[in-house]
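As a plain string of letters, each chain reads:
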Amino acid sequence: MRKVVFSLLLLIWLTPNLQAQFLTRERILNDENFDKKPWSFGYYFGINRYDFNFDYKEDRPDIFVEQSYGFNVGLLANKRINEYIDLRLEPGLAYNARNLLYLDIPGEENDRLRELNSTYIYIPLLVKFSTKRLNNFKPFVVGGLSYSYNLSSNETNPDDNSAGQFRMKNNTFYYEVGFGIDLYLPYFKFSPSIRGVFALSDELVRDENPNSLYTSNIEVMQSRGLFLNFTFQ
C-alpha cells in the first residue's frame with residue numbers, strides 16, 4: 001500500500017504541467033471547457049492487488065493468502081451532474097492470481113496449496129466528487145458499487161477440493177472508495193487514482209464433504225483489492 005501511494009505522489013510531482021502551474025503565477029488553462037461537456041468518454045488501465053478476508057467458525061490457524069499484482073483495463077463513460085459531481089460507468093476486465101496456503105493440513109505441499117487465477121468482467125458504477133479546478137489540477141474522491149463475473153471461478157465444476165479444485169462463486173457485488181487527481185494536459189485529461197474494492201457477499205463454494213479441511217471452517221470468504229488506475233479522457 002505504501003509503495004502504491006508513494007508511486008502516485010511521485011507521478012504527480014514529476015508531471016511538468018502540474019509543476020508549472022504551481023511554480024508560476026501565470027494561469028494557462030488547458031481545455032478550460034472540458035468539464036462543461038454533458039458527456040465525456042475515455043479508457044483506463046492499471047494494476048491491482050487482491051486479498052481475501054476470512055471469517056472462521058473455530059479458532060484454527062489462519063489461511064495464508066499469497067498475493068500478487070494483476071492488471072485491469074477498461075472503458076469510461078462520464079455523465080456530468082453539476083460542477084462538482086459526475087456519474088461514471090467503467091466496464092472492463094481485471095486479472096489477478098492468489099495462492100491459498102493451509103498451514104494446518106498435513107501432507108505434501110500440493111495438498112496445502114490452492115492456486116486461484118481469476119479473470120473478472122468488472123462493471124463499476126461510481127459517483128465522483130470533485131473540488132473546484134485549480135489551474136490545471138483538480139483533486140477528487142470517488143465511491144460506489146460494482147459487479148463482477150469471475151470467468152475462472154469453477155462454480156459449476158462437479159469436482160471440489162477432494163480432486164484439487166477450489167471453487168468460488170461467479171457473481172459478486174462490491175463497494176468501492178478512492179481518491180485521485182485530474183491533470184489537464186494540452187491534448188487530454190489524465191487522471192491517476194487509487195481505489196479500494198470490498199466484496200459484499202460470501203464468494204466461497206463449499207465442498208460436498210461437510211467436514212472438508214478446506215471449506216468447513218470458513219464462515220465467510222470475501223475478496224478485497226487495491227486498484228491503481230490511469231485514466232485518459
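Note that this is a predicted model, so its numbers are computed, not measured.

*Asks:* Talk me through the environment of glutamate 90; I want residue IDs and the actual numbers.
*Replies:* Here glutamate 90 is to be found in the loop between β4 (85–89) and β5 (92–102). Given a relative accessible area of 3%, glutamate 90 falls into the buried group. For glutamate 90 and tyrosine 122, which are 32 residues apart along the polypeptide, the C-alpha to C-alpha distance reads 8.1 Å. Every residue in contact with glutamate 90, bar those within four places of it in the chain, is listed here: Tyr44, Leu75, Leu76, Tyr122, Ile123, Pro124, Leu126 and Arg195.

*Asks:* Report on the packing of aromatic side chains, specifying residues and quantitative values.
*Replies:* By convention here, two paired aromatic rings are described through the distance between centres and the angle between planes. What the rule picks out here adds up to 16 aromatic pairs. Note on tyrosine 50 and phenylalanine 227: the rings are 5.7 Å apart at their centroids and 75° apart in plane angle, and the pair reads as edge-to-face. With tyrosine 50 in strand β1 (residues 39–56) and phenylalanine 227 in strand β12 (residues 218–232), the pair connects residues that are 177 residues apart, well separated along the chain. By relative accessible area, tyrosine 50 is classed as buried at 1%. Judged by centre distance (5.8 Å) and plane angle (20°), the ring pair of phenylalanine 54 and tyrosine 56 falls under stacked. Assessed through its relative accessible area of 11%, phenylalanine 54 is described here as buried.

*Asks:* Residues and numbers for the environment of glutamate 83, please.
*Replies:* Among the secondary structure elements, glutamate 83 is positioned in the loop between β3 (69–80) and β4. Given a relative accessible area of 41%, glutamate 83 falls into the partly exposed group. The spatial distance from the C-alpha of glutamate 83 to the C-alpha of arginine 133 is 9.5 Å, given a sequence separation of 50 residues.

*Asks:* I'd like a rundown of the pairing of strand β9 (residues 171–184), residues and numbers included.
*Replies:* Pairing between strand β7 (residues 137–150) and β9: 13 bridges, direction antiparallel. Its bridge partner being in β9, phenylalanine 137 is matched across the sheet by leucine 183. One ladder, built from 9 bridges, connects β9 with strand β10 (residues 189–199); its direction is antiparallel. Pairing of glycine 178 across the sheet is with arginine 195, part of β10.

*Asks:* Provide a residue-level description of the side chain of lysine 138, including the pertinent values.
*Replies:* Relative to the helices and strands, lysine 138 is located in strand β7. At a separation of 2.7 Å, a polar atom in the side chain of lysine 138 contacts the side chain of aspartate 35. When sequence neighbours within four positions are dropped, the list of residues in contact with lysine 138 reads Asp35, Ser130, Thr131, Lys132, Arg133, Gly180, Ile181, Asp182 and Tyr184.

*Asks:* Give a detailed account of the pairing of β5, specifying residues and quantitative values.
*Replies:* Judged by how many residues are buried, β5 sits mostly within the fold: 8 of 11 residues are covered. Sheet analysis places strand β2 (residues 63–66) next to β5, joined by 4 bridges and oriented antiparallel. Note on β5: the bridge partner recorded for glutamate 66 is asparagine 99. The pairing of β3 with β5 spans 4 bridges and is antiparallel. In the strand pairing of β5, phenylalanine 71 is matched with tyrosine 95. Direction of pairing for β5 relative to strand β6 (residues 113–130): antiparallel, over a ladder of 10 bridges. Bridge pairing in β6 places tyrosine 95 opposite threonine 119.

*Asks:* Report on the nonpolar core, specifying residues and quantitative values.
*Replies:* The biggest cluster of nonpolar side chains holds 23 residues, and the ones touching the most others in it are Phe52, Phe54, Leu100, Tyr102, Phe166 and Met221. Where this core is concerned, the elements lending two or more residues are β1, β2, β5, β6, β10 and β12. Sorting elements by how many residues they give to this core places β1 first, with 4 residues. When neighbours within four sequence positions are excluded, leucine 100 is seen to be in contact with Phe52, Phe54, Ile63, Phe64, Val65, Arg112, Leu113, Arg114, Leu116 and Phe166. Within the second largest apolar cluster, 10 residues are counted, among which are Ile181, Phe190, Ile194 and Leu228.

*Asks:* Got a sec to walk through the pattern of salt bridges? Specific residues and values, please.
*Replies:* For the structure shown, the criterion picks out 10 salt bridges. Here aspartate 35 makes a salt bridge to lysine 138, at a shortest N to O gap of 2.7 Å. Taken together, the residues span a long stretch of sequence, with aspartate 35 in the loop between α2 (16–23) and β1 and lysine 138 in strand β7 at a distance of 103 residues. Arginine 195 serves as the salt-bridge partner of glutamate 90, at 3.1 Å between the closest nitrogen and oxygen. Here glutamate 90 is found in the loop between β4 and β5, whereas its partner arginine 195 is found in strand β10, with 105 residues between them in sequence. With a relative accessible area of 5%, arginine 195 lands in the buried category. A cluster of three or more residues bridged by salt bridges with shared partners is formed by Asp35, Lys128, Lys138, Asp182 and Lys189.

The rules behind the values
Each chain has its residues counted from 1, running along the sequence as written. Only residues with pLDDT of at least 70 are given local features in this predicted model, and only at 80 or more are side-chain atom pairs given and counted; all residues enter the totals for whole chains, interfaces and linings. Calculation of side-chain values draws on the structure's entire complement of heavy atoms; hydrogens and water are dropped beforehand. In this text, helices come from DSSP runs of H or I with a minimum length of four residues, and strands from runs of E with a minimum of two, each type numbered from the N-terminal end. Here the term buried applies to any residue with accessible area under 20% of the maximum for its type, exposed to any over 50%, and partly exposed to those in between, with areas from a 1.4 Å probe on protein chains only. Throughout, a contact is declared for two residues whenever any of their heavy atoms are within 4.5 Å. Side-chain rings of Phe, Tyr and Trp (the six-membered ring for Trp) are treated as a pair once their centres are within 6.5 Å; stacked means planes under 30 degrees apart, edge-to-face means over 60, and tilted covers the remaining angles. The criterion for strand pairing is that DSSP finds at least two bridges linking the strands in question. Counting of polar contacts relies on pairs of N or O atoms within 3.5 Å, with two restrictions inside protein: one atom must be capable of donating a hydrogen and the other of accepting it, and residues adjacent in sequence are counted only when both atoms are side-chain atoms. As used in this record, nonpolar core signifies buried Ala, Val, Leu, Ile, Met, Phe, Trp, Tyr and Cys residues forming a set joined through side-chain atoms within 4.5 Å. Salt bridge, as used here, is a side-chain nitrogen of Lys or Arg placed within 4 Å of a carboxyl oxygen of Asp or Glu.

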